[in-house]
2 protein chains.
Amino acid sequence: MKTLKPTLVKGTRDFNTLQVSNRQYIADIIQNLYVRYGFSPLETPALENISTLSGQYGQEGEQLMFRVLNSGDFLAGVDPDAMHKGYKSLTAQIADKGLRYDLTVPLMRYVATHRHKLLFPFKRYQIQPVWRADRPQKGRYREFYQCDADVVGTPTLVSEAEILAMTYQLFAHLGIPDFVIQLNHRAILNGLMSHVADKVQATTFFTILDKFDKSGQAHVEAELLRAGFSAEALAQIQFIFNLPPTNAAKLATLQQHLQASEEGLRGLQELQKVLDYLSVMGLPSLPISLTPTLARGLSYYTGTIFEIKTAAVSMGSLGGGGRYNYIGIKEGAPSITGVGLSIGLDRLYAAMDTLDMLPERGPAPLQVMLTNLDPASEARGLRILTSLRAAGVRSEIYPVPSKLRQQMSYANKKRIPFVIIIGDTERAAHQLSVKEMRTGFQKQYTLRELIDMLT
Amino acid sequence: MKTLKPTLVKGTRDFNTLQVSNRQYIADIIQNLYVRYGFSPLETPALENISTLSGQYGQEGEQLMFRVLNSGDFLAGVDPDAMHKGYKSLTAQIADKGLRYDLTVPLMRYVATHRHKLLFPFKRYQIQPVWRADRPQKGRYREFYQCDADVVGTPTLVSEAEILAMTYQLFAHLGIPDFVIQLNHRAILNGLMSHVADKVQATTFFTILDKFDKSGQAHVEAELLRAGFSAEALAQIQFIFNLPPTNAAKLATLQQHLQASEEGLRGLQELQKVLDYLSVMGLPSLPISLTPTLARGLSYYTGTIFEIKTAAVSMGSLGGGGRYNYIGIKEGAPSITGVGLSIGLDRLYAAMDTLDMLPERGPAPLQVMLTNLDPASEARGLRILTSLRAAGVRSEIYPVPSKLRQQMSYANKKRIPFVIIIGDTERAAHQLSVKEMRTGFQKQYTLRELIDMLT
């Protein structure tokens, strides 16, 4: 094989044994919780058609989407002058596939395809990687895992309440300190929008508003003015930067200010209903904070919007979600509504790592190593190894005859608890000398006794 | 959201609940076996630099590799005339990343990067998808999972024997009928090559030879002649098409014909040694068949080569592997040797599906559904649901108040074994009416009794 220049693609990582094990530990907790709430697994391919992905994630999404070059002579049939028209025009002609950008759009594609066979409400969970050509930074990678759970096909706000309860349980179970679930509603954002001049785009407004949590009032106000907001419009919405602390008081204040917006009032009613459902469920005091500035990057939300954050680490959100509608495949077909939660496995891992909350040990290690002193002990070791493995004992033999000290050092580094030394004496006696590495204690066993001890 | 045109990328698939569950069933068996043999998990990113991938998989690999378009203005800095020079020249300039093509090259990249920190022999397993723009057909997809286990850093043939024993155990444990492990050695192929005119390329020779198993002697001979082989050269190697049945007899026949090739004889010796190790391990009669025509598509093998097939389904190999060397990152650094096994999860799944060997049921289903008859029963149901889930019971509530018959039909289709019906009577009595769906039997429980029964 040729000489390798061993570099990782920017923003991607390898996961060693301990990391795989710790990531699996978190993913298992999430998965078990999702199953307990009635979600079933789905997996979709990494590759999706650009026709499926494009137009779903806003302008940023179009830029950050990884596109896959068509196979074979991708220039066949392309206008030779296309290059001079710029890369965007060429892209559409030479790359008709892309990498999965989130798990929601593939879910929608799946539901749209199978809608006549699926049982609704369709509750699926999905734990798979997604890819975004984002600028890498702490907790943000170009290849990262999302853990999604969605309820598709019912408008009831019971689904919202269940998903928020599940979200709470997850973070409480993991023991993440000081976490809060910020909650908003697209109709509240639209109600606020109705206060401002219509020459300003809603998406611009929401995107700037969304920065309040991170950058503060002064920054957001300055940006709004720069974006073309009038000082009068700003005065109308300024109250959201200084809301009272409790959800009840926030709802009351918003109610006063959104009197003129039917849509805004509907949003408030729906959030009240979600909180009521949580009370009915016996969960009246979850760490939920009404946050009318919350918009999230994705443009497809139509109802509730929520995000999970912790003050314990300086990092973006650990997850979030909301309600969306999507339109069936046929013109005029009824839209299907869904509400979902997406947990960022890598963010959660980074947060738990920072907080020293990950399990210290990796996966179940080897139980036994057989030493290999010479061809005769190797032969006996190989025979014993077959029996140990057949009995389910995780075991291996040192691969080549070597000095005992070197083999002991290898076993120590791999934290193998028991080492079997097969010298001439042991061969003669049909006994195995078993050394417990932690104590240094050595004892004779028959093979049967050893298997009984280890299984 | 925009209207979706719901199509999958050619050669890719969605996996529904049952499929995810069955695939996990197979992957778990493989993983547990790998762990028992002392392999530890590693995961690498889907994206690799083209500089890592290119030149590793031969000409076919270069064609079938998925390349990812550079982000942003990928044409910046590209010679505007590059398009006229054809797509290959442009590819190199606009796509510097690709999708993982196998799991061996990423392993080598990982070892090359971490060689000074790793404990050798380094034994890793890896279960992840790979991508190839191959022509889709039965059991062959463009996105598929490989389950690899490799021993890196030791030349001992004990590793070969262990991997063959593990391969045998896997297929025996899964219950695949009539499987055989075909075994060859690169040095034997080279020895055969020494019989033929040197104007013919070795890779051409090996590629044609490899088709014997599938296409037969006449086809291979015709292709060899077409490729420029002389009839005399053909006569020299014709004996391999009519070898005796046992491995011992095959070895003897090959020994006679390869007397003049030092390399060929070394290959035979090594295979004999591997078989001897298996005898020592107490596994003298594994279904291993010496197959001197076996070459496999990948060009990087330097020692043993093997492949697993079953006559029970008409499908390509279910897995394979072999020994390879690779050269360190620095000029003149010693090469590192490895030997590995790669199981094709999708092939194995397809074979087991064809043979009706997959578990019938999906993952652990819901245990309980609560009916939702009116707002009052919904409220009580939600409260009970919180208790059930807190106790670990997999449960859900029908999401909206509806007719009982509709809810029962939903529970039936989801195979939920118990349904709790909360009507006025039950609310008054603080009792739960629990219907066992299989028998239709209905009984009163307190919440505590129900949880005790289900957990």
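A quick note: this is a predicted structure, and the numbers were derived from the prediction, not measured. (Residues numbered from 1 in each chain as written. Chains lettered and ligands numbered in written order. Predicted model: local features only at pLDDT ≥ 70, side-chain atom pairs only at ≥ 80, totals over all residues. Heavy atoms only, no water.)

Quick look at the overall build of chain A
Link 1 in the chain: In terms of regular secondary structure, chain A is built from 18 helices and 16 strands.
Link 2 in the chain: Overall size of chain A, expressed as C-alpha extent along the three principal axes, is 95 × 65 × 50 Å.
Link 3 in the chain: For chain A, buried positions account for 56% of its 455 residues.
Link 4 in the chain: Long-range contacts, defined as pairs at least 24 residues apart, comprise 67% of the intrachain contacts of chain A with a sequence gap of at least 6.
Link 5 in the chain: Accessible surface, chain A: about 18,700 Å² in total, of which carbon and sulfur atoms supply 50%. (Helix = DSSP H or I, 4+ residues; strand = E, 2+ residues; numbered from the N terminus. Buried < 20%, exposed > 50% of the residue type's maximum accessible area, 1.4 Å probe, protein only. Contact = heavy atoms within 4.5 Å. Areas by Shrake-Rupley, 256 points an atom, 1.4 Å probe, with all protein chains shown as cover.)

Comments concerning helix H16 (residues 404–413) of chain A
Residue and element names in this part refer to chain A.
Link 1 in the chain: Along H16, the residues classified as buried are Gln407, Met408, Tyr410 and Ala411. What you see down the axis of H16 is that its buried residues fit within an arc of 160°, all on one side. Structural note: H16 exposes Arg405, Asn412 and Lys413 on the side pointing more than 90 degrees away from its buried face.
Link 2 in the chain: A positive backbone phi angle near 55° is found at Arg415, which sits one or two residues after H16. (Arc of directions from axis to C-beta.)

Details of helix H14 (residues 345–354) of chain B
Residues and elements named next belong to chain B.
Link 1 in the chain: Across the 10 residues that make up H14, a large majority, eight, are buried.
Link 2 in the chain: What H14 keeps buried is the set Leu345, Asp346, Arg347, Leu348, Tyr349, Ala350, Ala351 and Met352.
Link 3 in the chain: Residues of H14 that are buried in the fold lie against helix H1 (17–36), strand S6 (143–152), helix H6 (158–174) and strand S11 (336–344).
Link 4 in the chain: Phi for Asp356, located one or two positions after H14, is positive at around 60°.

A short note on the relation of the copies chain A and chain B
One copy of the chain maps onto the second through a rotation about an axis and a displacement along it.
Link 1 in the chain: The transformation that overlays chain A on chain B combines an axial shift of 0.0 Å with a rotation of 180°, and the residual RMSD is 0.1 Å. The superposition operator between the copies reduces to a two-fold rotation axis. Minimal C-alpha distance to the rotation axis in chain A is attained by Val68(A), lying at 2.2 Å.
Link 2 in the chain: Looking at the interface residues of chain A, 100% of them are also at the interface in chain B, so both copies use one shared face. (Least-squares fit on C-alpha atoms with pLDDT ≥ 70 in both.)

Thoughts on the sheet that holds strand S5 (residues 122–131) of chain B
Residues and elements named next belong to chain B.
Link 1 in the chain: Spatial strand order, S1-S5-S6-S11-S10-S9-S7-S8: eight strands in an open sheet with mixed pairing. In the strand order of this sheet, the two ends are held by strand S1 (40–41) and strand S8 (288–290), each with one partner.
Link 2 in the chain: Examined bridge by bridge, strand S7 (residues 179–185) and strand S9 (residues 301–310) share seven bridges and lie antiparallel to one another. The partner of Gln182 across the bridge, within S9, is Glu307.
Link 3 in the chain: Against the sheet, helix H5 (residues 104–114) touches S5, S6, strand S10 (319–326) and S11, its axis set at about 35° to S10. (Pairing = 2+ DSSP bridges. Axes fitted to C-alpha atoms, helices over the stretch in contact; angles between N-to-C directions.)

Overview of the pattern of salt bridges
Residues and elements named next belong to chain B.
Link 1 in the chain: A complete count under the given rule lists 40 salt bridges over all chains for this structure.
Link 2 in the chain: Across the pair Asp150 and Arg124 runs a salt bridge whose closest N-O atoms are separated by 2.9 Å. Placement of the pair is Asp150 in strand S6 and Arg124 in strand S5, with a sequence separation of 26 residues. (Salt bridge = Lys/Arg side-chain N within 4 Å of Asp/Glu carboxyl O.)

What about the packing of helix H7 (residues 186–193) of chain A against helix H13 (residues 262–280) of chain A?
Residue and element names in this part refer to chain A.
Link 1 in the chain: Put simply, H7 and H13 touch, their axes get as near as 7 Å, and they point 150° apart. On the basis of the axis angle, H7 is roughly antiparallel to H13. The interaxial crossing formed by H7 with H13 has left-handed handedness. Of H13, the residues touching H7 (which contributes Ala187, Ile188, Asn190 and Gly191) are Glu263, Gly264, Arg266, Gly267, Leu268 and Leu271.
Link 2 in the chain: Of the residues in the contact of H7 with H13, the class split is four nonpolar, four polar and two charged. (Parallel < 35°, antiparallel > 145°, perpendicular 65-115°, else oblique. Left-handed = near helix turned anticlockwise from the far one by under 90°. Nonpolar A, V, L, I, M, F, W, Y, C, P; charged D, E, K, R; others polar.)

Section: the interface of chain A and chain B
Link 1 in the chain: Every contact between the two is made by 107 residues of chain A and, on the other side, 108 residues of chain B.
Link 2 in the chain: Summed over both partners, the interface of chain A with chain B comes to about 9,700 Å²; 64% of that surface belongs to carbon and sulfur atoms.
Link 3 in the chain: Measuring nitrogen to oxygen at the nearest pair gives 2.6 Å for the salt bridge that ties Glu396(A) to Lys123(B).
Link 4 in the chain: On the surface where chain A and chain B come into contact, there are 26 residue pairs in polar contact (both at pLDDT 80 or more).
Link 5 in the chain: The dominant element in the side of chain A that touches chain B, judged by the number of residues it contributes, is helix H15 (residues 375–390) of chain A, at eight residues.
Link 6 in the chain: Across the side of chain A that touches chain B, the residue classes break down as 57 nonpolar, 28 polar and 22 charged. (Buried area = accessible area lost by both parts, 1.4 Å probe. Polar contact = N/O pair within 3.5 Å; in protein donor to acceptor, adjacent residues only side chain to side chain.)

Section: the sheet that holds strand S12 (residues 368–370) of chain A
Residues and elements named next belong to chain A.
Link 1 in the chain: Spatial strand order, S13-S12-S14-S15-S16: five strands in an open sheet with mixed pairing. The sheet terminates laterally at strand S13 (395–397) and strand S16 (442–445), the two strands that pair on one side only. Looking at each pair of strands side by side, their axes are set apart by 25° on average, direction ignored.
Link 2 in the chain: In this structure, S12 lies alongside strand S14 (residues 418–421), joined through three bridges in parallel fashion. Bridge pairing links Leu370 to Ile420 in S14.

What about the side chain of Asn184(B)?
Residue and element names in this part refer to chain B.
Link 1 in the chain: Inspection of the secondary structure assignment puts Asn184 in strand S7.
Link 2 in the chain: Within the structure, Asn184 has its side chain in polar contact with the backbone oxygen of Pro292 (distance 3.0 Å).
Link 3 in the chain: In this view, Asn184 contacts Leu189, Leu271, Thr291, Pro292, Thr293, Leu294, Gly303, Thr304 and Ile305; residues no more than four positions away in its chain are not counted.

A look at the side chain of Ser289(A)
All names here are of chain A.
Link 1 in the chain: Tracing the backbone shows Ser289 in strand S8 (residues 288–290).
Link 2 in the chain: Among the polar contacts listed, one links the side chain of Ser289 to the side chain of Lys250, at a separation of 3.1 Å.
Link 3 in the chain: Leave out the neighbours within four places in its chain, and Ser289 touches Val180, Ile181, Gln182, Leu183, Asn247 and Lys250.

Remarks on the packing of H15(A) against helix H18 (residues 447–454) of chain A
Residue and element names in this part refer to chain A.
Link 1 in the chain: Interhelical geometry of H15 versus H18 gives an angle of 35° and a closest axis separation of 11 Å. Taken as a pair, H15 and H18 cross one another with a handedness that is right-handed. Touching Ile384, Ser387 and Leu388 of H15 are Leu447, Leu450 and Ile451, all from H18.
Link 2 in the chain: Its residues placed into classes, the contact of H15 with H18 shows five nonpolar, one polar and no charged.

Concerning unusual backbone geometry
Link 1 in the chain: Here the residue pair Phe120(A) and Pro121(A) is connected by a cis peptide bond, since its omega of -5° sits within 30 degrees of zero.
Link 2 in the chain: Mapped onto the secondary structure, Pro121(A) falls in the loop between helix H5 (104–114) and strand S5 (122–131).
Link 3 in the chain: In the Ramachandran plot, Asp356(B) falls in the positive-phi region, its phi being about 60° despite a non-glycine side chain.
Link 4 in the chain: With respect to the helices and strands, the residue Asp356(B) is situated in the loop between H14 and strand S12 (368–370).
Link 5 in the chain: Residue classification places Asp356(B) among the exposed residues on the basis of a relative accessible area of 70%.
Link 6 in the chain: At Arg415(B), a residue that is not glycine, the phi angle is positive and equals roughly 55°.

Looking at the environment of Val313(A)
Residue and element names in this part refer to chain A.
Link 1 in the chain: Along the chain, the position of Val313 falls in the loop between strand S9 (301–310) and strand S10 (319–327).
Link 2 in the chain: Between the C-alpha atoms of Val313 and Lys414, which are 101 residues apart in sequence, the distance is 33 Å.
Link 3 in the chain: Those residues within four positions of Val313 in sequence are excluded, and the remaining contacts are Ala351, Thr354 and Leu355.

Quick word on the nonpolar core
Link 1 in the chain: Membership of the largest hydrophobic core comes to 118 residues, with the highest contact counts inside it found for Tyr34(A), Phe205(A), Leu278(A), Ile343(A) and Leu348(A).
Link 2 in the chain: Looking at which element gives the most residues to this core, the answer is helix H6 (residues 158–174) of chain A, with nine residues.
Link 3 in the chain: Dropping the residues within four chain positions of it, Phe205(A) is found in contact with Leu189(A), Leu192(A), Met193(A), Val196(A), Leu224(A), Phe229(A) and Ile237(A).
Link 4 in the chain: Membership of the second largest hydrophobic core comes to 116 residues, among which are Tyr445(A), Tyr125(B), Leu170(B) and Ile336(B). (Core = buried A, V, L, I, M, F, W, Y, C linked by side-chain atoms within 4.5 Å.)

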